[in-house]
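Architecture and fold: a report
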Amino acid sequence: MRRTTAYSLTLGGTAALLTLSATVACTVDANQEKPRQIQLGEAEELLSEAVALARDGRFADLCQTAGSRSNCRSILEFTTSEGKLPNDEMPLVVDVKRYPATDTRAEHLVLRVQGRRVDGATYETDFPVIRANDGEAVSLYPVYWSGMTFSAAAQTCSEQVGEVCAQTRIDAPAG
């Protein structure tokens, strides 16, 4: 009898624990907040930080701040091997686009910036910002003088953006 009672208590305790775990999981999932929208000021601050790091020649540190470090390093290697380095001036933000989150992609806020490189050549680059898992805003690839463009293909978009957007694609700068 003791054995059956102990088994029943163990089974009952396990069932109660599983029920409690499921309830907590459902409650946590239901109470999780959507990530807050990326603010223009956050994106501009990241751009300022990227410019300061580049001015100081701290290019490795620049990629440590990137949302995609491997992409940043690849883009940085390309631009530096080609001798394409930024001048010390803050680039001009000429456009801002917001690509809302979908089921498969996080929200992106993209600053289109224009400036000059040290050789005097002009550049126009997209500076995409997303929310990292920790909730902080980060630039996907902060090499703001690279000439890279951010594009998204059709599916859904907000009226604020006024164009279709879905899949992220990074286009290399033209020759």
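The structure contained in this document is the topic of the report that follows.

Conventions adopted
- Residues numbered from 1 in each chain as written.
- Predicted model: local features only at pLDDT ≥ 70, side-chain atom pairs only at ≥ 80, totals over all residues.
- Heavy atoms only, no water.
- Phe/Tyr/Trp six-rings, centres within 6.5 Å; stacked < 30°, edge-to-face > 60°.
- 1 Å grid on protein atoms, 1.4 Å probe; cavity = no way out; pocket = protein on both sides within 12 Å on 5 of 7 lines; lining within 4 Å.
- Points joined across faces, edges and corners; volume = space filled by probe spheres on them.
- Nonpolar A, V, L, I, M, F, W, Y, C, P; charged D, E, K, R; others polar.
- Helix = DSSP H or I, 4+ residues; strand = E, 2+ residues; numbered from the N terminus.
- Buried < 20%, exposed > 50% of the residue type's maximum accessible area, 1.4 Å probe, protein only.
- Polar contact = N/O pair within 3.5 Å; in protein donor to acceptor, adjacent residues only side chain to side chain.
- Pairing = 2+ DSSP bridges.

1. A short note on the packing of aromatic side chains
Taken as a whole and assessed by the stated rule, the structure comprises 4 aromatic pairs. Through successive ring pairs, a cluster of aromatic residues spans Phe59, Tyr123, Tyr144 and Trp145.

2. Points about empty space enclosed by the protein
Under the defined criterion, the tally for this structure stands at 1 cavity of 30 Å³ or more. Of the voids in this model, the largest cavity is the one considered here, and its volume is about 50 Å³. As for the largest cavity, its lining consists of Leu46, Glu49, Ala50, Leu53, Thr65, Phe127, Ser139 and Pro142. Looking at the lining of the largest cavity residue by residue, the classes come out as 5 nonpolar, 2 polar and 1 charged.

3. Concerning the environment of serine 81
You can see serine 81 is positioned in helix α4 (residues 69–81). Relative accessible area serves as the criterion here: at 56%, serine 81 is assigned to the exposed category. Here phenylalanine 78 takes part through its backbone oxygen, which lies 3.0 Å from a polar atom of the side chain of serine 81.

4. Focus: the pairing of strand β2 (residues 108–116)
When strand β1 (residues 92–99) meets β2, the two strands line up antiparallel, connected through 7 bridges. Considered in β2, the bridge of aspartate 95 is made with arginine 112. Pairing analysis gives 8 bridges linking β2 to strand β3 (residues 122–131), with the strands arranged antiparallel. Residue pairing for β3: valine 110 is matched across the bridge by proline 128. Connecting the antiparallel pair β2 and β3 is a turn made up of 5 residues, with glycine 120 showing a positive phi of about 90°.

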